[in-house]
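Tertiary structure, described
Below, each chain spelled out in residue letters.
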Amino acid sequence: MSSVGKGVAAASIGKILQSKGYRVANIKADMYVNIDAGTIRPAEHGEVFVGEDGIEADQDLGNYERFTDQICIADNYITTGQVYQEIIKRERNLEFDGEDVEVVPDIPKEIIRRIKSCQKKNNSEITIIEFGGTVGEYQVLLFLEAARMLKLQQPNDVFFILVSYLPTPKLLGEQKSKPTQYAIRTLNSAGINPDFILCRADKPVAADIKRTISIVCSLPQERIISAPDVYSIYDIPVNFEKENLGEIMLKAMNMEPRTKDMKDWTAFSEKIKKLKKEVRIGIVGKYFNFKSCKDTYISVIESINHASWNFDVRPSILWLDSEKYEEDKNTLNELDGVDGIIIPGGFGRRGTEGMILAAEYARKNKIPYLGLCLGMQIMSIEFARNACGLKGANSEELDPETPYPVIHIMEEQRKHMKESNYGATMRLGAYDCNIKEGTQSSAAYGKNKISERHRHRYEFNNKYRKEMESKGFVLAGINPQKNLVEIAEIKDHPFMIGVQFHPEFKSRPLKPHPLFRGFIEAAAKNKQ
Ligand code: GLN
C-alpha cells in the first residue's frame, strides 16, 4: 500500500549494493496518467522533486538521491502517461508498419525499453525499479506484465522484491501475515513470484511468521527480511544489513561483494539517536492542513535534519500557519520561541500577507531566516514595502495590480500562461549563479560559482535593484547568462538569505547543504 516505505526501501537497497562496490541506479514507475508530477498538488501527493535536468518527479527520487548520492534525471522516472504518449506518437509516425497497436504487449514493451535505456544512461550494473501503488490494483497490471516479460527475456537477471505490511491489531497484540499471504497470491496470479519479501511492521518479524511466509512463497527463510519502524529513515539500510540483505541479494544474483563499507553511514545513524541539544526551526507556510506536512516538505525537512545533525543538535520543527498572523498580528510573537525561520516554496496569494509579516518580524528582530524560492520573493516584497517605502509592493503573481511589482513574471513565461500551457514550462532545473565576494552566501558556500535547481515562473524585477540596494538589500547571487537575481540578503543581520532556487534538493545526510548549514549554525547561535 502507499506510504508503506517502498521508496526508502528501494533507496536503501541501492545504498547497500552501492556500498558493496556496485554501480546502481534507481527508477520510480508511477501509475498515474500524468506525464510528470509538476501539475499534481503536493499537499496531497507529496513534494515535487526537481532534477538537474528539470524533471518534475515524484518525491521518491529525492530519497534515491539522498541515499545513494547519485543524480536522477528524467530517465529515472516513468509514468503511465509518458508510456502512452510515446506509443501514440510512434503510431502517428507510422512506426508500427501498418500493424494495430495493442495495449499488451506494446505498452509493457515500451516500459521495458525505458528501463533498459535508464540502465544504459546511468551505466548501472544493478537497477532498482520501484513500482508505485499496490499489488492487485488495476493500473499496476501493465507494469507487472512488463516485469514478467523482462524476467522471461533475462531469467537470471531479474528479481522481485515485495514490500508488504504486517499489521498488529491492537486487540490481538500480535503480527498478522495474512495480508502478505494474499499479496503473494495476487502477485502470483500476475505470473510473478517474489524473490525477497521486506516485512514492514512496527516490530521485527517473529521467526514463526517468517516460516509461514516462506512456505507460502516457496522461499528460503533468509529471504524474508524484517523492516520494522525505525528512529530515522537513515537506520533502514543499517537494519537491513543486520539481516545481511546485501549479501543475500548478491548471492541470489550470483555476484560477490567487491568491497564492504557502510561505516560512515552506520556511525552517522548511531550518532543522531544520541543528540540531546535542540534547535527549534519554525516553518511558516500554508500547506499544513492536509494529512501530513512530512511528504509535502520532505526535502526541506531532510535538509534541516542533515545540517542540524552536522552541528550535533537535534532539530525540532514547528509548523506555523501564516494566515494566523493576518488575523491577529499579536500572534507573531510566537516567533520569539523559535531559533530560526524558513519560508519555503509555494504558489498563489493565500497566506502570503502573513508570510510578509513574518519576514518583517525576522528582519527587525534579527531572527535567522532562510527563504526558499517563494520565501525569497516574500523577503524582497517585505523589504520594498517597509525599508524602501514602496507601499503596496508585491509580486505580480500575488497582486497583478500592484503599483510596485518588485517580483514580476519572467518574459518567456507570459506566453505559457496566456495559452494555459502549464506542464513542464516553469524555469526548471539547474542554473549557474555567481556569488558576490564578502556576502553571507559567499561565506556559507566557501566559493563563488555555484549551480542550483529551480522551479518558478516569477523573478526579482531588476528595475528595483538600485533603490533596494541603497537601503541595505544585498543582491548576493546573479545568474550570469540572464542577469537574474538568484540570491538576496539583508545587511547587518546575523543570517537573512533568500534564494530563488531550491537548495533543499541537493542536501545529503553526510554532506549537508552549505546554506542550510549556515542557517542552522546561525539558529544555534541565536538560541544561545
Ligand atoms: N510562485 C512562485 C513562482 O512561481 C514561487 C515558486 C516556488 O516557490 N517554487 O515564482
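An account of the accompanying structure is given in this report. (Residues numbered from 1 in each chain as written. Predicted model: local features only at pLDDT ≥ 70, side-chain atom pairs only at ≥ 80, totals over all residues. Heavy atoms only, no water.)

Section: the overall build of the chain
The secondary structure content of the chain amounts to 20 helices and 20 strands. When its C-alpha atoms are laid out on the principal axes, the chain stretches across 75 × 65 × 45 Å. For the chain, with 528 residues in total, the buried portion stands at 57%. Counting contacts in the chain only where the partners sit at least 6 residues apart, residues at least 24 apart contribute 72% of the total. Counting every atom, the chain has about 23400 Å² of accessible surface; 50% of that belongs to carbon and sulfur. With 73 positive and 73 negative side-chain charges, the chain shows a separation of 3 Å between the mean positions of the two kinds. (Helix = DSSP H or I, 4+ residues; strand = E, 2+ residues; numbered from the N terminus. Buried < 20%, exposed > 50% of the residue type's maximum accessible area, 1.4 Å probe, protein only. Contact = heavy atoms within 4.5 Å. Areas by Shrake-Rupley, 256 points an atom, 1.4 Å probe, with all protein chains shown as cover. Lys, Arg positive; Asp, Glu negative; His and termini not counted. Charge placed at Lys NZ, Arg CZ, Asp CG, Glu CD.)

Regarding the pattern of salt bridges
If the charged atoms of two oppositely charged side chains come close together, the side chains can form a pair. The full count for this structure, using the stated rule, is 41 salt bridges. A salt bridge links lysine 28 to glutamate 130, with the nearest nitrogen and oxygen atoms 3.9 Å apart. Separated by 102 residues along the polypeptide, lysine 28 in strand β1 (residues 24-30) and glutamate 130 in strand β5 (residues 126-131) bring together distant segments of the chain. Across the pair, glutamate 130 and lysine 28 agree in class, each one buried. Ionic pairing is found between glutamate 222 and lysine 251, a salt bridge with its closest N-O pair at 3.2 Å. One end of the pair, glutamate 222, is in the loop between α8 (207-216) and β8 (224-228); the other, lysine 251, is in helix α10 (residues 245-252), with 29 residues separating them in the sequence. Here lysine 251 falls in the exposed class, since its relative accessible area comes to 55%. Salt bridges sharing partners connect three or more residues here, namely Glu52, Glu65, Asp69, Arg453, Lys506, Arg508 and Lys511. (Salt bridge = Lys/Arg side-chain N within 4 Å of Asp/Glu carboxyl O.)

What about the packing of aromatic side chains?
Tallied over the entire structure, the rule returns 13 aromatic pairs. The lysine or arginine in question, lysine 151, covers the ring of phenylalanine 159, its NZ or CZ lying 5.3 Å from the ring centre. When the ring centre of phenylalanine 196 is taken as reference, the NZ or CZ atom of arginine 223 above it lies at 5.0 Å. (Phe/Tyr/Trp six-rings, centres within 6.5 Å; stacked < 30°, edge-to-face > 60°. Lys NZ or Arg CZ within 6 Å of the ring centre and 35° of its normal.)

Notes on the sheet that holds strand β4 (residues 77-79)
Across the sheet, 3 strands lie side by side as β4-β1-β5; this open sheet has parallel pairing. Edge positions in the sheet fall to β4 and β5, since each has one partner strand and no second. The average undirected angle you get between the axes of adjacent strands in this sheet is 20 degrees. Sheet topology note: the β1/β4 ladder contains 3 bridges and is parallel. Bridging from a neighbouring strand, lysine 28 pairs with tyrosine 77 of β4. Contacting β1 and β4, helix α4 (residues 80-92) runs over the sheet at an angle of about 75 degrees to β4. (Pairing = 2+ DSSP bridges. Axes fitted to C-alpha atoms, helices over the stretch in contact; angles between N-to-C directions.)

Quick look at the state of the cysteines
Enumeration over the complete set of coordinates arrives at 0 disulfides. Cysteine 373 takes part in no disulfide bond, and the closest cysteine sulfur, belonging to cysteine 433, lies 13 Å away. Looking at cysteine 373, the relative accessible area reads 5%, which means it is buried. (Disulfide = S-S within 2.5 Å.)

Looking at the site of the ligand
Every residue lining the ligand is accounted for by Gly345, Gly346, Phe347, Cys373, Leu374, Gln377, Glu397, Arg455, His456, Arg457, Tyr458 and His502. Between the ligand and the protein, one listed contact pairs a nitrogen atom with a backbone N or O atom of glycine 346 at 2.9 Å. Its residues placed into classes, the shell around the ligand shows 4 nonpolar, 5 polar and 3 charged. (Near = heavy atom within 4 Å. Polar contact = N/O pair within 3.5 Å; in protein donor to acceptor, adjacent residues only side chain to side chain. Nonpolar A, V, L, I, M, F, W, Y, C, P; charged D, E, K, R; others polar.)

Quick word on a negative patch on the surface
On the surface, Asp97, Glu99, Asp100 and Glu102 cluster together into a negatively charged patch. Locating glutamate 102 in the fold gives a position in the loop between α4 and α5 (103-122). Its relative accessible area of 38% is what places glutamate 102 among the partly exposed residues. (Patch = residues over 30% accessible without salt bridge, like charges linked within 9 Å, V, L, I, M, F, W, Y side chains within 5 Å.)

Digging into helix α6 (residues 141-153)
At 3.6 residues per turn, the α-helix brings residues three or four places apart onto the same side. With 13 residues, α6 should cover 18 Å at 1.5 Å per step; its first-to-last C-alpha distance of 18 Å lies within 8% of that length. Taken as a whole, α6 has its buried residues at Leu142, Phe143, Leu144, Glu145, Ala146, Ala147, Met149 and Leu150. (Expected span 1.5 Å × (residues − 1).)

A short note on the sheet that holds strand β11 (residues 340-343)
Pairing in this open sheet of 9 strands is mixed, and the strands run β10-β9-β11-β12-β20-β19-β18-β15-β16 from one edge to the other. The open sheet terminates on both sides in strands that have one partner only, identified here as β10 (314-321) and β16 (449-456). Within the sheet, the average angular offset between the axes of one strand and its neighbour, ignoring direction, is 25 degrees. Pairing geometry for strand β18 (residues 473-479) and strand β19 (residues 484-490), over 6 bridges, is antiparallel. Of the residues in β19, the one forming a bridge with phenylalanine 473 is isoleucine 490. Contacting β9 (278-285), β11, β12 (369-372) and β20 (496-499), helix α20 (residues 514-527) runs over the sheet at an angle of about 115 degrees to β9.

Brief notes about the pairing of β12
Successive residues of a regular strand alternate their side chains across the two faces of the sheet. Every second residue of β12 is oriented toward a common face, with Tyr369 and Gly371 on one face and Leu370 and Leu372 on the other, all of them buried. Bridging between β11 and β12 involves 3 bridges; their strand directions are parallel. Across the sheet, the residue bridging to isoleucine 341 is tyrosine 369, located in β12. In this region the chain leaves β11, passes through helix α15 (residues 352-364) and returns to the parallel neighbour β12; the handedness of that crossover is right-handed. In this sheet, β20 lies alongside β12 in parallel orientation, the contact comprising 4 bridges. Pairing of tyrosine 369 across the sheet is with methionine 496, part of β20. (Right-handed = clockwise from strand over helix to strand, strands pointing away.)

A word on unusual backbone geometry
Cis peptide bonds are those with omega within 30 degrees of zero, and the linkage from valine 104 to proline 105 qualifies with 15 degrees. Assignment of secondary structure puts proline 105 in helix α5. Positive phi is not limited to glycine here, since serine 420 has a value of about 50 degrees.

Thoughts on the pairing of strand β15 (residues 427-435)
Pairing analysis gives 8 bridges linking β15 to β16, with the strands arranged antiparallel. Among the inter-strand pairings, cysteine 433 is bridged to a residue of β16, identified as isoleucine 450. Here 2 bridges tie β15 to β18, and the two strands are oriented antiparallel to one another. Residue isoleucine 435 lies in a different strand from β18, and its bridge partner there is glycine 477.

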